[in-house]
Amino acid sequence: MNPLLFWFGSLAGLAAAFVLLPEVRWIVAILAVPYVAVFVWGIVDLRSNFFVRAYIHNKGESFAVGLTFDDGPDENITADILDLLKRFGFRATFFVVGVKARANPQLLKRMIADGHVVACHDLTHSLLSNFRLGNAMVRDIAAAQAIVRDIIGAKPLLYRPPVGMANPHLGPALARLGMKCVGWNRSARDAGNRRLGNIRRISSLAVKPGDVVLLHDSLPVAAHKAEILAQMELLFSRMRDAKMVPVGINDLFDITAYKVDNAR
Ligand SMILES: [Zn+2]
């Protein structure tokens, strides 16, 4: 059964019972509260693992950490971040936006050459993408996947939805595309490098081994650039002092990042 149909169908059933059966209205209302709460939680928080299984953090014993960068590549900051990562000898995972990848293919090639992992973060980073259903969702993600494949020569298999939202269609859509969903458990909530106050908290993130850290290689406000890079450098220094070993998300979770697709 279509999962969205099930959820909205059962919600509609509860609403109908509320209207048509006034004598049991209070029972219906009590049932509906956790039902709606779980539904909303499943949509807004990948950690719920409710509509899709998401890789959030690794409880293993090693000092490996997943550094992830969303919303790029950006011609004004991604190369600086790649320089910084190279200086520290850190590996990271870049969840790239399809249309930005198409506009900056050289940055994706450099990510690969530097030993990083390239993954998908939707085609246009539209919030609406999270509300697409069935085939429309598959088409959107597949288009982003194809752009990356054409640039790096391998089909990316890791996906992070915009803003980390899920819906009942995301799991089946990713299964059709052979992709896995990756979330995170550590973030400064910088809103894609928009909130300066939160950018200033990046260096003090309490990163622990096994964590997946969400950072952004986007620059919506040019004046934030120096602070973003300074904060990242401080964070990386602290991680190095703590003997942490940033690795690609594929290595952190022992999952496959690409499918080499000769047939195209
Ligand atoms: Zn994003």
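Just so it is clear, the structure is predicted and the values come from calculations on it, not from any experiment.

### With respect to the overall build of the protein
Within the protein, the secondary structure is distributed over 10 helices and 11 strands. Here the C-alpha radius of gyration of the protein, 20 Å, is about what a compact globule of 264 residues would show, namely 18 Å. By residue count, 41% of the 264 residues in the protein fall in the buried class. Sequence-distant contacts in the protein: of pairs separated by 6 or more residues, those separated by 24 or more amount to 77%.

### Here's the deal with the environment of arginine 160
Among the secondary structure elements, arginine 160 is positioned in the loop between β6 (158-159) and α7 (170-177). With near-sequence residues (within four places) excluded, arginine 160 lies in contact with Asp70, Phe95, Ala119, His121 and Val182.

### Things to note about the domain arrangement of the protein
For the protein, the assigned domains read domain 1 (3-44) and domain 2 (54-259). The distance between the C-alpha centroids of domain 1 and domain 2 comes to 36 Å.

### Looking at the packing of helix α6 (residues 134-152) against α7
Two elements in contact, α6 and α7, have axes whose closest approach is 9 Å; the angle formed by their N-to-C orientations is 45°. Looking at the two axes, α6 sits oblique to α7. The hand of the α6/α7 crossing is right-handed. Contact residues: α6 offers Met137, Val138, Ile141, Ala142 and Gln145, while α7 offers Leu170, Ala173, Arg176 and Leu177. For the contact of α6 with α7, the residue count by class is seven nonpolar, one polar and one charged.

Rules of the game
- Residues numbered from 1 in each chain as written.
- Predicted model: local features only at pLDDT ≥ 70, side-chain atom pairs only at ≥ 80, totals over all residues.
- Helix = DSSP H or I, 4+ residues; strand = E, 2+ residues; numbered from the N terminus.
- Rg over C-alpha atoms; globule rule 2.2 N^0.38 Å.
- Buried ≥ 20, exposed ≤ 12 C-beta atoms within 10 Å, placed from the backbone.
- Contact = placed C-beta atoms within 7 Å.
- Domains from an automatic or database assignment.
- Axes fitted to C-alpha atoms, helices over the stretch in contact; angles between N-to-C directions.
- Parallel < 35°, antiparallel > 145°, perpendicular 65-115°, else oblique.
- Left-handed = near helix turned anticlockwise from the far one by under 90°.
- Nonpolar A, V, L, I, M, F, W, Y, C, P; charged D, E, K, R; others polar.

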